[in-house]
Amino acid sequence: MGITATASATEIKSAFRVRAKLYHPDINRSSDADENFRMLYIAYATLIDPLKRKLYDQLLKEDLKAGSEWVSRAEYEKMQRRAAMRARMYANMQFEQFEARTFSKAGFHAKQAMAFIIFFGMMCGGMILLTEGTHYVFKETFNGAQVTGYAFWLAGLVFCYISSKALLAIYETWRLGGSD
């Protein structure tokens, strides 16, 4: 992609945008444009995601350690296959459609807003379940009220945990500026 090994996400995205306009099969009519575009997209998908980038650097160094914090080589290859599938899909799109889907800030912000609404709904649902659980554990006296309250607590905690993870993912995507 013509970038340094220490390139930032903004530099990677900018370099990808320039090269996507050069290699997309709708614009570049050479026989190998499709393959070049696919390879470009796979490189972009690898470098823009911090985890994939660390894995790629690790695999380059062949510094694989058993029991390390990294995912396995098989998991990395699975992520690369997914990137290759998206690359084929984008290569078959019209360039205008690809550009709108990949580089559109409005689409990115709409997706972020929807994700935040889902996060907020799950967090509110979790808090309601926790409150209801407290009511059943401490105020209700019918047989099984405490078990019901504990079940509500558990469900509320699960909702809150999932929504907190979703919020972290929303933030990370926003921080990267809408990369795939």
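None of the values given here were measured: they were computed from a predicted structure.

S.K.: Please give an account of the packing of aromatic side chains that cites residues and values.
M.R.: Using the criterion set out here, one finds nine aromatic pairs in the structure. Ring plane angle 20° and centroid distance 6.5 Å describe the contact between Phe-116 and Phe-120, whose orientation is recorded as stacked. Pair noted here: Phe-116 and Phe-120 are both in helix H6 (residues 105-138), with a separation of four residues, about one helical turn. Judged by relative accessible area, Phe-116 falls into the partly exposed class, the value being 40%. Exposure remark for Phe-120: the relative accessible area of 48% places this residue in the partly exposed category. Taking 5.4 Å as the distance between ring centres and 75° as the angle between the ring planes, the aromatic pair formed by Tyr-136 and Phe-152 counts as edge-to-face. Taken together, the positions of Tyr-136 in helix H6 and Phe-152 in helix H7 (residues 145-176) put the pair 16 residues apart, joining distant regions of the chain. What makes Phe-152 partly exposed here is its relative accessible area of 27%. Taken together through their ring pairs, the aromatic side chains of Phe-16, Tyr-41 and Tyr-44 make up a single cluster.

S.K.: Which residues make up helix H1 (residues 9-23), and what values go with them?
M.R.: Because an α-helix completes one turn every 3.6 residues, residues spaced three or four positions apart along the sequence face the same direction. Here H1 spans 20 Å end to end across 15 residues, near enough to the 21 Å set by a 1.5 Å rise per residue. For H1, the set of buried residues is Ile-12, Lys-13, Ala-15, Phe-16 and Ala-20. All buried residues of H1 lie within an arc of 165° about the axis, which places them on one face of the element.

S.K.: Could you give me a rundown of the pattern of salt bridges, with the residues and numbers involved?
M.R.: Per the stated rule, a full pass over the model turns up one salt bridge. We note a salt bridge from Asp-34 to Arg-38, for which the minimum N-O separation is 3.0 Å. With Asp-34 and Arg-38 both in helix H2 (residues 33-48) and four residues apart, the pair spans about one turn of that helix.

S.K.: How would you explain the environment of Lys-111 if you had to name every residue and give the values?
M.R.: Structurally, Lys-111 is set in helix H6. Using a relative accessible area of 57% as the deciding quantity, one classes Lys-111 as exposed. As a C-alpha pair, Lys-111 and Ile-170 span 59 residues in sequence and 9.6 Å in three-dimensional space.

S.K.: Could you give an account of the state of the cysteines, with specific residues and numbers?
M.R.: One pass over the full model with this rule turns up zero disulfides. Not part of a disulfide, Cys-124 finds its nearest cysteine sulfur in Cys-160, a span of 9.3 Å.

Here is what the cut-offs are and how they apply
Residues numbered from 1 in each chain as written. Predicted model: local features only at pLDDT ≥ 70, side-chain atom pairs only at ≥ 80, totals over all residues. Heavy atoms only, no water. Phe/Tyr/Trp six-rings, centres within 6.5 Å; stacked < 30°, edge-to-face > 60°. Helix = DSSP H or I, 4+ residues; strand = E, 2+ residues; numbered from the N terminus. Buried < 20%, exposed > 50% of the residue type's maximum accessible area, 1.4 Å probe, protein only. Expected span 1.5 Å × (residues − 1). Arc of directions from axis to C-beta. Salt bridge = Lys/Arg side-chain N within 4 Å of Asp/Glu carboxyl O. Disulfide = S-S within 2.5 Å.

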